[in-house]
Amino acid sequence: MGRLEGKITLVTGGASVPGLGSATARRFAEEGAVVYVTDLDGEGVEKVAASIRDSGGSATAMRHDVTSEADWDAVMSAIVGEHGRLDGLVNNAGIAVLRPIEAFTTADWEKQMRVNMDSVFFGTQRAVKVMREVGKGGSIVNLSSTAGLVGVPMCGAYAAAKGGVRMFSKTIAMECARDQIRVNSLHPGMIDTNMQNVARTDNPDGFKEIVAAIPMGRMGLPEDIANMALFLVSDEGNYITGAELVVDGGATAQ
Ligand code: NAD
């Protein structure tokens, strides 16, 4: 029996391959979950869902802009209409715009906040409502970053949003603990996905130096994050709430 057998789950930002959302959706399906996987890129996420189904998993794709409350309502009513509940939510969709403070525009700032932080509020609020109504608990995993824990140059808005996600998660964990609804933040270090490909292409030498400085001497794999999300959504994580789970090859332990 799979570690998520019969659980109804939603993973956002799942179109990118390699990406944390697609790896998480795949891992959840391998462990028996019913997976809804969503993204702004509707065609991309349909390909991810189709490939999971081809491997024998249960996956449904939906186009979903996580900054749109109407989209959140549509996704949640599709899931609840079909299954009557939601057991696990991974708020994964995110963007990274890295630039020095003087070069940040207000529009850059607002977009980062909207996609990386407001979306987590929209999703968490809706998931908590369903989980409370059903009364069987649940698990919400919010993707933060090591940039939400320690200072990283060029990351002003990204880090502010990810730090916000960390504290928001702890607060909602306290509000929901009695209902056995668990809320945790997940803090990846440098993981080899399309998000990192942008930095790798923009500044190849600087990128190599940053990777070499990681204690384990390499980037993480999307599956390393997917496995932590799996643990948190599975019953193995049943007594973990309000925690910040760091998966970074030792980067923030230095
Ligand atoms: P990625 O760029 O590979 O994939 C992100 C996905 O989010 C894309 O498919 C994109 O289309 C989607 N997305 C962007 N805006 C959206 C919106 N408004 N609505 C719906 N979907 C949207 O990124 P990734 O590396 O897989 O990162 C996933 C999450 O993990 C992000 O929150 C990111 O900040 C976080 N993270 C990543 C790393 C890393 O090293 N890769 C490190 C720390 C944290």
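Before any of the text, the structure's been laid out above.
All of the points below concern the structure found in this document. (Residues numbered from 1 in each chain as written. Predicted model: local features only at pLDDT ≥ 70, side-chain atom pairs only at ≥ 80, totals over all residues. Heavy atoms only, no water.)

Looking only at helices and strands, the protein chain features eight helices and seven strands. At 17 Å, the protein chain has a C-alpha radius of gyration in line with the 18 Å of a compact globule built from 254 residues. By its C-alpha atoms, the protein chain is 50 × 40 × 35 Å across when sized along the principal axes. The buried share among the 254 residues of the protein chain stands at 50%. Within the protein chain, counting contacts between residues at least 6 apart in sequence, those at least 24 apart form 73% of the total. Accessible area for the protein chain stands at about 11,700 Å²; split by element, carbon and sulfur atoms hold 54% of it. (Helix = DSSP H or I, 4+ residues; strand = E, 2+ residues; numbered from the N terminus. Rg over C-alpha atoms; globule rule 2.2 N^0.38 Å. Buried < 20%, exposed > 50% of the residue type's maximum accessible area, 1.4 Å probe, protein only. Contact = heavy atoms within 4.5 Å. Areas by Shrake-Rupley, 256 points an atom, 1.4 Å probe, with all protein chains shown as cover.)

Attention now goes to helix H1 (residues 20–30). Counting buried residues along H1, nine of its eleven residues qualify, which places the element largely inside the surrounding structure. The set of residues buried in H1 consists of Leu20, Gly21, Ser22, Ala23, Thr24, Ala25, Arg27, Phe28 and Ala29.

This paragraph deals with the site of the ligand. Residues in contact with the ligand amount to 30 residues; listed here are only the nearest, Ser16, Leu20, Asp39, Tyr158 and Thr193. In the model, a nitrogen atom of the ligand is placed 3.3 Å from a nitrogen or oxygen of the Leu40 main chain. Contact between the ligand and Gln196: an oxygen atom at 2.8 Å from a side-chain N or O atom of the residue. For the ligand, whose free accessible area comes to 830 Å², the fraction covered by protein is 91%. Where the shell around the ligand is concerned, the elements lending two or more residues are helix H5 (156–176) and helix H6 (194–202). Taken together, the residues of the shell around the ligand sort by class into 14 nonpolar, 13 polar and three charged. (Near = heavy atom within 4 Å. Polar contact = N/O pair within 3.5 Å; in protein donor to acceptor, adjacent residues only side chain to side chain. Nonpolar A, V, L, I, M, F, W, Y, C, P; charged D, E, K, R; others polar.)

The subject of this paragraph is the packing of aromatic side chains. Here the structure, examined in full by the defined rule, presents one aromatic pair. Seen from their ring centres, Phe121 and Phe122 are 5.6 Å apart, and the 45° between their planes marks the pair as tilted. Using a relative accessible area of 37% as the deciding quantity, one classes Phe121 as partly exposed. (Phe/Tyr/Trp six-rings, centres within 6.5 Å; stacked < 30°, edge-to-face > 60°.)

Here the focus is helix H8 (residues 222–233). Between its first and last C-alpha atoms H8 spans 17 Å; for twelve residues at 1.5 Å apiece the expected length is 16 Å, and the two agree. Among all positions in H8, only Pro222, Ile225, Ala226, Met228, Ala229, Leu230, Leu232 and Val233 are buried. Contacts made by the buried residues of H8 are with strand E1 (8–11), H1, strand E4 (88–91), strand E5 (138–143), strand E6 (181–188) and strand E7 (244–247). (Expected span 1.5 Å × (residues − 1).)

As a further point, take the packing of H1 against helix H2 (residues 42–54). Between H1 and H2, the shortest axis-to-axis distance is 10 Å and the interhelical angle comes to 25°. Classified by the angle their axes make, H1 and H2 are roughly parallel. Note on packing geometry: the crossing formed by H1 with H2 is right-handed. For the pair formed by H1 and H2, the contact residues are Ser22, Ala25, Arg26 and Ala29 on the first element and Val48, Ser51 and Ile52 on the second. In the contact of H1 with H2, the residues fall into four nonpolar, two polar and one charged. (Axes fitted to C-alpha atoms, helices over the stretch in contact; angles between N-to-C directions. Parallel < 35°, antiparallel > 145°, perpendicular 65-115°, else oblique. Left-handed = near helix turned anticlockwise from the far one by under 90°.)

Residue placement: Ser144 occurs in the loop between E5 and H5. A polar contact is formed between the side chain of Ser144 and the backbone oxygen of Lys162, at a distance of 2.8 Å. Side chain to side chain, Ser144 and His187 meet in a polar contact 3.4 Å long. Once residues within four sequence positions are removed from consideration, Ser144 is found in contact with Lys162, Val165, Arg166, Ser185, Leu186, His187 and Pro188.

When its volume is computed, the second largest pocket comes out at roughly 170 Å³. Along the walls of the second largest pocket sit Lys7, Arg85, Asp87, Lys136, Gly137, Gly138, Ser139, Gln180, Arg182, Val233, Asp235 and Asn238, which together make up its complete lining. Residues belonging to the lining of the second largest pocket are distributed by class as follows: one nonpolar, five polar and six charged. (1 Å grid on protein atoms, 1.4 Å probe; cavity = no way out; pocket = protein on both sides within 12 Å on 5 of 7 lines; lining within 4 Å. Points joined across faces, edges and corners; volume = space filled by probe spheres on them.)

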